[in-house]
Amino acid sequence: MTAFPAFPEFPETLAEAVELLRGLSRRHTGVPAAHGAVAAWRATRPASRAQLIVDARPGSPVVDYDLLLDHPGGGTVAVTASVEDGVPWTVDHSTHWAAGKVLAVDGQELSVQTALLTLRALADRDRTVHDDLIDYCVLTLASWEEPEPSQEELQRASDDFRRQRGLHSRADMLRWLEEVQLTPGAYDNHLYSLAKMRGFRTRLEAESARAYFDDHAAEFDQVSAVWAVGPEPRLIELAGHDDPLAALAGAVASPSGELAVHVADRVASELPAPLREAAEGVTVGPVPYRDAFLLGTVRRRRPTEPSPDTLAAAGRAAFSAFLTGRRAEAKIEWYWL
(Lines give C-alpha, C1' and ligand atoms only; values in the text may rest on other atoms or scores of the structure.)
Protein backbone atom coordinates (compact mmCIF):
# COMPACT_ATOMS: atom_id res chain seq x y z
CA MET A 1 0.00 0.00 0.00
CA THR A 2 1.30 3.49 -0.87
CA ALA A 3 -1.48 5.73 0.39
CA PHE A 4 0.70 6.88 3.31
CA PRO A 5 4.29 6.70 2.07
CA ALA A 6 5.57 8.74 5.02
CA PHE A 7 3.90 6.40 7.53
CA PRO A 8 4.26 2.85 6.18
CA GLU A 9 2.86 1.18 9.32
CA PHE A 10 -0.32 3.24 9.56
CA PRO A 11 -2.31 1.36 6.86
CA GLU A 12 -1.66 -1.88 8.75
CA THR A 13 -2.79 -0.23 11.98
CA LEU A 14 -6.03 0.89 10.33
CA ALA A 15 -6.70 -2.55 8.88
CA GLU A 16 -6.10 -4.21 12.24
CA ALA A 17 -8.33 -1.65 13.96
CA VAL A 18 -11.22 -2.44 11.61
CA GLU A 19 -10.90 -6.18 12.19
CA LEU A 20 -10.64 -5.61 15.92
CA LEU A 21 -13.88 -3.60 15.96
CA ARG A 22 -15.68 -6.17 13.83
CA GLY A 23 -14.80 -8.88 16.33
CA LEU A 24 -16.03 -7.14 19.48
CA SER A 25 -19.20 -8.33 21.17
CA ARG A 26 -21.91 -5.70 20.90
CA ARG A 27 -23.80 -6.91 23.95
CA HIS A 28 -23.68 -4.77 27.07
CA THR A 29 -22.18 -7.67 29.02
CA GLY A 30 -19.32 -7.88 26.51
CA VAL A 31 -18.03 -4.33 27.09
CA PRO A 32 -15.39 -5.26 29.72
CA ALA A 33 -13.97 -7.90 27.38
CA ALA A 34 -13.97 -5.32 24.56
CA HIS A 35 -11.91 -2.93 26.67
CA GLY A 36 -9.51 -5.79 27.44
CA ALA A 37 -9.14 -6.69 23.77
CA VAL A 38 -8.39 -3.08 22.83
CA ALA A 39 -5.86 -2.77 25.65
CA ALA A 40 -4.07 -5.91 24.46
CA TRP A 41 -3.99 -4.66 20.85
CA ARG A 42 -2.84 -1.20 21.92
CA ALA A 43 0.18 -2.84 23.57
CA THR A 44 1.22 -4.13 20.13
CA ARG A 45 0.60 -0.72 18.52
CA PRO A 46 1.60 1.77 21.26
CA ALA A 47 2.01 4.64 18.81
CA SER A 48 -1.72 4.46 18.04
CA ARG A 49 -2.69 5.33 21.64
CA ALA A 50 -5.98 3.61 20.84
CA GLN A 51 -9.05 4.56 22.86
CA LEU A 52 -12.33 2.64 22.74
CA ILE A 53 -15.49 4.75 22.81
CA VAL A 54 -18.65 2.89 23.89
CA ASP A 55 -22.16 4.08 23.11
CA ALA A 56 -25.06 2.32 24.86
CA ARG A 57 -28.24 2.51 22.83
CA PRO A 58 -31.19 3.72 24.92
CA GLY A 59 -33.50 0.88 25.88
CA SER A 60 -31.36 -1.77 24.20
CA PRO A 61 -28.82 -4.41 25.30
CA VAL A 62 -26.76 -3.52 22.21
CA VAL A 63 -23.76 -1.18 22.32
CA ASP A 64 -21.76 0.49 19.55
CA TYR A 65 -18.07 1.30 19.34
CA ASP A 66 -15.65 3.81 17.90
CA LEU A 67 -11.89 3.41 18.05
CA LEU A 68 -9.80 6.59 18.27
CA LEU A 69 -6.23 6.41 16.92
CA ASP A 70 -3.42 8.94 16.95
CA HIS A 71 -2.32 9.74 13.39
CA PRO A 72 1.48 9.69 12.93
CA GLY A 73 1.29 13.10 11.30
CA GLY A 74 -0.78 14.61 14.11
CA GLY A 75 -4.46 14.62 14.97
CA THR A 76 -6.87 11.79 15.60
CA VAL A 77 -8.58 9.24 13.35
CA ALA A 78 -11.94 7.76 14.40
CA VAL A 79 -12.72 4.26 13.11
CA THR A 80 -16.25 2.80 13.07
CA ALA A 81 -17.07 -0.68 11.83
CA SER A 82 -20.59 -2.13 11.67
CA VAL A 83 -21.03 -5.85 11.05
CA GLU A 84 -24.83 -6.11 11.04
CA ASP A 85 -26.79 -3.46 9.12
CA GLY A 86 -23.85 -1.61 7.62
CA VAL A 87 -24.89 1.78 9.04
CA PRO A 88 -22.41 3.47 11.43
CA TRP A 89 -24.05 4.18 14.78
CA THR A 90 -23.41 7.93 14.55
CA VAL A 91 -25.37 8.10 11.29
CA ASP A 92 -28.02 5.68 12.50
CA HIS A 93 -28.72 7.76 15.62
CA SER A 94 -28.47 11.18 14.02
CA THR A 95 -30.95 10.38 11.28
CA HIS A 96 -33.60 8.84 13.52
CA TRP A 97 -36.77 10.91 13.30
CA ALA A 98 -36.93 11.32 17.10
CA ALA A 99 -33.23 11.82 17.76
CA GLY A 100 -33.75 15.29 19.25
CA LYS A 101 -37.09 14.63 20.98
CA VAL A 102 -37.95 13.57 24.53
CA LEU A 103 -41.70 13.02 24.19
CA ALA A 104 -44.87 14.21 22.52
CA VAL A 105 -48.19 14.95 24.27
CA ASP A 106 -51.23 15.14 22.01
CA GLY A 107 -48.88 15.82 19.13
CA GLN A 108 -46.96 18.53 21.00
CA GLU A 109 -43.33 17.48 20.84
CA LEU A 110 -40.76 18.31 23.52
CA SER A 111 -37.18 18.68 22.37
CA VAL A 112 -34.13 17.66 24.39
CA GLN A 113 -33.12 21.31 24.60
CA THR A 114 -36.49 22.46 25.97
CA ALA A 115 -36.67 19.58 28.44
CA LEU A 116 -33.25 20.33 29.89
CA LEU A 117 -33.94 24.06 30.05
CA THR A 118 -37.11 23.26 31.97
CA LEU A 119 -35.12 21.08 34.36
CA ARG A 120 -32.66 23.91 34.87
CA ALA A 121 -35.49 26.30 35.72
CA LEU A 122 -36.86 23.82 38.25
CA ALA A 123 -33.36 23.33 39.62
CA ASP A 124 -33.30 26.93 40.83
CA ARG A 125 -35.41 25.52 43.66
CA ASP A 126 -34.11 21.94 43.77
CA ARG A 127 -30.95 20.51 42.22
CA THR A 128 -32.04 16.91 42.83
CA VAL A 129 -32.72 15.96 39.20
CA HIS A 130 -29.42 17.37 37.92
CA ASP A 131 -27.45 15.86 40.79
CA ASP A 132 -29.11 12.48 40.27
CA LEU A 133 -28.04 12.44 36.63
CA ILE A 134 -24.48 13.41 37.56
CA ASP A 135 -24.38 10.78 40.32
CA TYR A 136 -25.58 8.12 37.89
CA CYS A 137 -22.63 8.89 35.61
CA VAL A 138 -20.19 8.99 38.54
CA LEU A 139 -21.41 5.62 39.86
CA THR A 140 -21.40 4.03 36.41
CA LEU A 141 -17.71 4.86 36.11
CA ALA A 142 -16.92 3.92 39.71
CA SER A 143 -18.67 0.54 39.49
CA TRP A 144 -17.13 -0.45 36.15
CA GLU A 145 -14.65 -2.86 37.73
CA GLU A 146 -17.14 -4.38 40.18
CA PRO A 147 -17.76 -8.15 39.83
CA GLU A 148 -20.67 -9.29 37.69
CA PRO A 149 -23.84 -9.25 39.84
CA SER A 150 -25.25 -12.62 40.80
CA GLN A 151 -28.83 -13.64 40.06
CA GLU A 152 -29.66 -13.02 43.73
CA GLU A 153 -28.25 -9.48 43.50
CA LEU A 154 -30.17 -8.80 40.30
CA GLN A 155 -33.36 -10.09 41.91
CA ARG A 156 -32.78 -7.90 44.97
CA ALA A 157 -32.29 -4.85 42.73
CA SER A 158 -35.52 -5.69 40.91
CA ASP A 159 -37.45 -6.19 44.17
CA ASP A 160 -36.25 -2.84 45.54
CA PHE A 161 -37.01 -1.06 42.25
CA ARG A 162 -40.57 -2.42 42.14
CA ARG A 163 -41.19 -1.83 45.86
CA GLN A 164 -40.16 1.83 45.61
CA ARG A 165 -42.71 2.33 42.83
CA GLY A 166 -45.54 0.30 44.32
CA LEU A 167 -45.33 -2.38 41.60
CA HIS A 168 -46.40 -5.34 43.73
CA SER A 169 -47.67 -7.71 41.03
CA ARG A 170 -46.65 -8.90 37.59
CA ALA A 171 -49.64 -7.07 36.12
CA ASP A 172 -48.52 -3.83 37.81
CA MET A 173 -45.04 -4.29 36.41
CA LEU A 174 -46.19 -4.97 32.86
CA ARG A 175 -48.54 -1.98 32.97
CA TRP A 176 -45.71 0.27 34.17
CA LEU A 177 -43.36 -0.93 31.42
CA GLU A 178 -46.07 -0.15 28.89
CA GLU A 179 -46.71 3.30 30.35
CA VAL A 180 -43.06 4.34 30.21
CA GLN A 181 -42.45 2.57 26.88
CA LEU A 182 -39.62 0.48 28.34
CA THR A 183 -38.82 -2.93 26.90
CA PRO A 184 -38.10 -5.87 29.21
CA GLY A 185 -34.57 -5.95 27.77
CA ALA A 186 -34.00 -2.28 28.63
CA TYR A 187 -35.35 -2.90 32.12
CA ASP A 188 -32.91 -5.79 32.58
CA ASN A 189 -30.03 -3.55 31.47
CA HIS A 190 -31.06 -0.92 34.00
CA LEU A 191 -31.20 -3.53 36.77
CA TYR A 192 -27.74 -4.72 35.79
CA SER A 193 -26.38 -1.19 36.23
CA LEU A 194 -28.25 -0.70 39.51
CA ALA A 195 -26.92 -3.99 40.90
CA LYS A 196 -23.31 -3.07 40.06
CA MET A 197 -23.76 0.36 41.64
CA ARG A 198 -25.24 -1.24 44.75
CA GLY A 199 -22.25 -3.59 44.95
CA PHE A 200 -19.85 -0.66 44.71
CA ARG A 201 -21.74 1.31 47.35
CA THR A 202 -21.89 -1.65 49.76
CA ARG A 203 -18.16 -2.25 49.43
CA LEU A 204 -17.26 1.45 49.78
CA GLU A 205 -19.41 1.91 52.89
CA ALA A 206 -17.97 -1.20 54.56
CA GLU A 207 -14.38 -0.25 53.75
CA SER A 208 -14.72 3.43 54.70
CA ALA A 209 -16.97 3.38 57.76
CA ARG A 210 -14.37 3.12 60.54
CA ALA A 211 -11.96 5.62 59.00
CA TYR A 212 -14.80 8.11 58.44
CA PHE A 213 -15.98 7.70 62.04
CA ASP A 214 -12.46 8.22 63.39
CA ASP A 215 -12.07 11.42 61.35
CA HIS A 216 -15.57 12.80 61.99
CA ALA A 217 -16.54 11.40 65.40
CA ALA A 218 -18.23 14.67 66.43
CA GLU A 219 -20.83 14.21 63.67
CA PHE A 220 -22.19 11.20 65.56
CA ASP A 221 -22.37 12.75 69.04
CA GLN A 222 -25.74 12.49 70.78
CA VAL A 223 -26.94 16.08 71.21
CA SER A 224 -29.89 17.58 73.05
CA ALA A 225 -30.71 21.04 71.73
CA VAL A 226 -33.40 23.69 71.57
CA TRP A 227 -33.64 26.22 68.78
CA ALA A 228 -36.00 28.72 67.23
CA VAL A 229 -36.32 29.88 63.63
CA GLY A 230 -37.93 33.17 62.76
CA PRO A 231 -37.40 36.90 62.16
CA GLU A 232 -34.09 38.34 63.35
CA PRO A 233 -35.49 41.10 65.64
CA ARG A 234 -37.48 38.59 67.72
CA LEU A 235 -34.47 36.28 68.05
CA ILE A 236 -32.19 39.17 69.03
CA GLU A 237 -34.68 39.94 71.80
CA LEU A 238 -34.47 36.31 73.06
CA ALA A 239 -30.68 36.27 72.79
CA GLY A 240 -30.47 39.42 74.91
CA HIS A 241 -31.89 37.67 77.97
CA ASP A 242 -29.53 36.82 80.82
CA ASP A 243 -30.36 33.15 80.19
CA PRO A 244 -31.05 32.55 76.46
CA LEU A 245 -31.87 28.91 77.13
CA ALA A 246 -34.58 29.93 79.59
CA ALA A 247 -35.89 32.42 77.03
CA LEU A 248 -36.04 29.69 74.40
CA ALA A 249 -37.78 27.40 76.88
CA GLY A 250 -40.33 30.18 77.45
CA ALA A 251 -40.89 30.38 73.69
CA VAL A 252 -41.56 26.64 73.70
CA ALA A 253 -44.07 27.02 76.52
CA SER A 254 -45.80 29.96 74.85
CA PRO A 255 -45.72 29.27 71.11
CA SER A 256 -46.58 31.95 68.59
CA GLY A 257 -46.92 32.02 64.84
CA GLU A 258 -43.87 34.25 64.77
CA LEU A 259 -41.35 31.54 65.71
CA ALA A 260 -40.88 27.86 64.90
CA VAL A 261 -39.39 26.36 68.07
CA HIS A 262 -37.84 22.88 68.27
CA VAL A 263 -36.65 20.73 71.15
CA ALA A 264 -34.89 17.52 70.11
CA ASP A 265 -32.36 14.84 71.01
CA ARG A 266 -30.54 13.96 67.80
CA VAL A 267 -27.31 12.80 66.28
CA ALA A 268 -25.23 15.95 65.66
CA SER A 269 -25.25 15.51 61.87
CA GLU A 270 -29.08 15.68 61.89
CA LEU A 271 -29.22 19.08 63.62
CA PRO A 272 -29.44 22.41 61.74
CA ALA A 273 -25.97 23.20 60.39
CA PRO A 274 -25.25 26.12 62.78
CA LEU A 275 -25.64 23.78 65.81
CA ARG A 276 -23.81 20.65 64.61
CA GLU A 277 -20.40 21.57 66.02
CA ALA A 278 -21.51 23.73 68.95
CA ALA A 279 -20.18 22.69 72.36
CA GLU A 280 -22.39 21.84 75.32
CA GLY A 281 -23.86 24.97 76.93
CA VAL A 282 -23.09 27.20 73.93
CA THR A 283 -25.77 29.45 72.41
CA VAL A 284 -25.54 30.12 68.67
CA GLY A 285 -27.13 33.00 66.83
CA PRO A 286 -29.07 34.65 65.64
CA VAL A 287 -27.52 33.53 62.35
CA PRO A 288 -28.99 33.31 58.84
CA TYR A 289 -30.72 29.97 58.31
CA ARG A 290 -32.58 29.06 55.13
CA ASP A 291 -34.91 32.03 54.48
CA ALA A 292 -34.95 33.29 58.08
CA PHE A 293 -32.69 33.29 61.18
CA LEU A 294 -31.84 30.73 63.87
CA LEU A 295 -31.10 31.00 67.58
CA GLY A 296 -30.23 27.80 69.44
CA THR A 297 -28.56 26.28 72.49
CA VAL A 298 -26.89 22.90 72.94
CA ARG A 299 -28.11 21.61 76.30
CA ARG A 300 -26.14 18.38 76.33
CA ARG A 301 -23.55 16.69 74.09
CA ARG A 302 -22.33 13.10 74.54
CA PRO A 303 -19.76 11.23 72.41
CA THR A 304 -20.98 8.04 70.72
CA GLU A 305 -19.18 4.71 70.66
CA PRO A 306 -18.57 3.07 67.26
CA SER A 307 -21.44 0.58 67.51
CA PRO A 308 -22.62 -1.37 64.43
CA ASP A 309 -25.45 1.12 63.89
CA THR A 310 -23.10 4.09 64.23
CA LEU A 311 -20.58 2.55 61.83
CA ALA A 312 -23.37 1.89 59.35
CA ALA A 313 -24.29 5.58 59.53
CA ALA A 314 -20.61 6.48 59.10
CA GLY A 315 -20.46 4.31 56.00
CA ARG A 316 -23.45 6.11 54.52
CA ALA A 317 -21.85 9.45 55.31
CA ALA A 318 -18.60 8.30 53.68
CA PHE A 319 -20.52 7.37 50.53
CA SER A 320 -22.22 10.79 50.43
CA ALA A 321 -18.83 12.45 50.88
CA PHE A 322 -17.46 10.35 48.00
CA LEU A 323 -20.24 11.53 45.67
CA THR A 324 -19.83 15.15 46.75
CA GLY A 325 -16.09 14.98 46.11
CA ARG A 326 -16.44 13.33 42.73
CA ARG A 327 -19.05 15.88 41.62
CA ALA A 328 -16.70 18.69 42.65
CA GLU A 329 -13.75 17.17 40.75
CA ALA A 330 -15.59 15.94 37.66
CA LYS A 331 -15.62 17.68 34.31
CA ILE A 332 -19.35 18.08 33.69
CA GLU A 333 -20.70 19.13 30.30
CA TRP A 334 -24.41 19.84 29.93
CA TYR A 335 -24.71 19.74 26.17
CA TRP A 336 -27.97 21.70 26.05
CA LEU A 337 -27.57 23.91 29.12
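A few points about the overall build of the chain
Then step 1. Helix and strand counts for the chain come out as eleven helices and nine strands.
Then step 2. In the chain, which comprises 337 residues, the proportion classed as buried is 31%.
Then step 3. Partitioning the contacts of the chain with sequence separation of at least 6, the portion at a separation of at least 24 is 64%.
Then step 4. Of the roughly 20500 Å² that the chain leaves accessible, carbon and sulfur atoms contribute 54%.

Topic: the pattern of salt bridges
Then step 1. Throughout the structure, instances matching the rule amount to 15 salt bridges.
Then step 2. The partner of Arg198 in a salt bridge is Asp160, with the nearest N and O atoms 2.2 Å apart. You can see Arg198 sitting in helix α8 (residues 184–215) and its partner Asp160 sitting in helix α6 (residues 151–164), a full 38 residues away along the chain.
Then step 3. Exposure remark for Arg198: the relative accessible area of 31% places this residue in the partly exposed category.
Then step 4. Each of Glu12, Glu16 and Arg45 takes part in salt bridges that share partners, so that together they form one network.

A word on the environment of Ala247
Then step 1. Summarising the element assignment, Ala247 is placed in helix α10 (residues 244–253).
Then step 2. Residue Ala247 is classed as buried on the basis of its relative accessible area of 9%.

Points about the sheet that holds strand β7 (residues 260–267)
Then step 1. With antiparallel pairing, four strands are arranged side by side in an open sheet as β7-β6-β9-β8. The open sheet has two edge strands with one neighbour each: β7 and β8 (283–289). Across the sheet, the mean angle from the axis of one strand to that of its neighbour is 25 degrees, orientation sign disregarded.

A closer look at the packing of helix α1 (residues 10–23) against helix α2 (residues 31–44)
Then step 1. Look at α1 against α2: their axes get within 11 Å of each other, and the N-to-C directions meet at 165 degrees. As the angle between them shows, α1 and α2 are arranged roughly antiparallel. Judged by the twist between their axes, the crossing of α1 over α2 is right-handed. Two secondary-structure elements touch here, α1 through Thr13, Glu16, Ala17 and Leu20 and α2 through Ala37, Val38 and Trp41.
Then step 2. Residue composition of the contact of α1 with α2, by class: five nonpolar, one polar and one charged.

Calculation rules
- Residues numbered from 1 in each chain as written.
- Predicted model: local features only at pLDDT ≥ 70, side-chain atom pairs only at ≥ 80, totals over all residues.
- Heavy atoms only, no water.
- Helix = DSSP H or I, 4+ residues; strand = E, 2+ residues; numbered from the N terminus.
- Buried < 20%, exposed > 50% of the residue type's maximum accessible area, 1.4 Å probe, protein only.
- Contact = heavy atoms within 4.5 Å.
- Areas by Shrake-Rupley, 256 points an atom, 1.4 Å probe, with all protein chains shown as cover.
- Salt bridge = Lys/Arg side-chain N within 4 Å of Asp/Glu carboxyl O.
- Pairing = 2+ DSSP bridges.
- Axes fitted to C-alpha atoms, helices over the stretch in contact; angles between N-to-C directions.
- Parallel < 35°, antiparallel > 145°, perpendicular 65-115°, else oblique.
- Left-handed = near helix turned anticlockwise from the far one by under 90°.
- Nonpolar A, V, L, I, M, F, W, Y, C, P; charged D, E, K, R; others polar.

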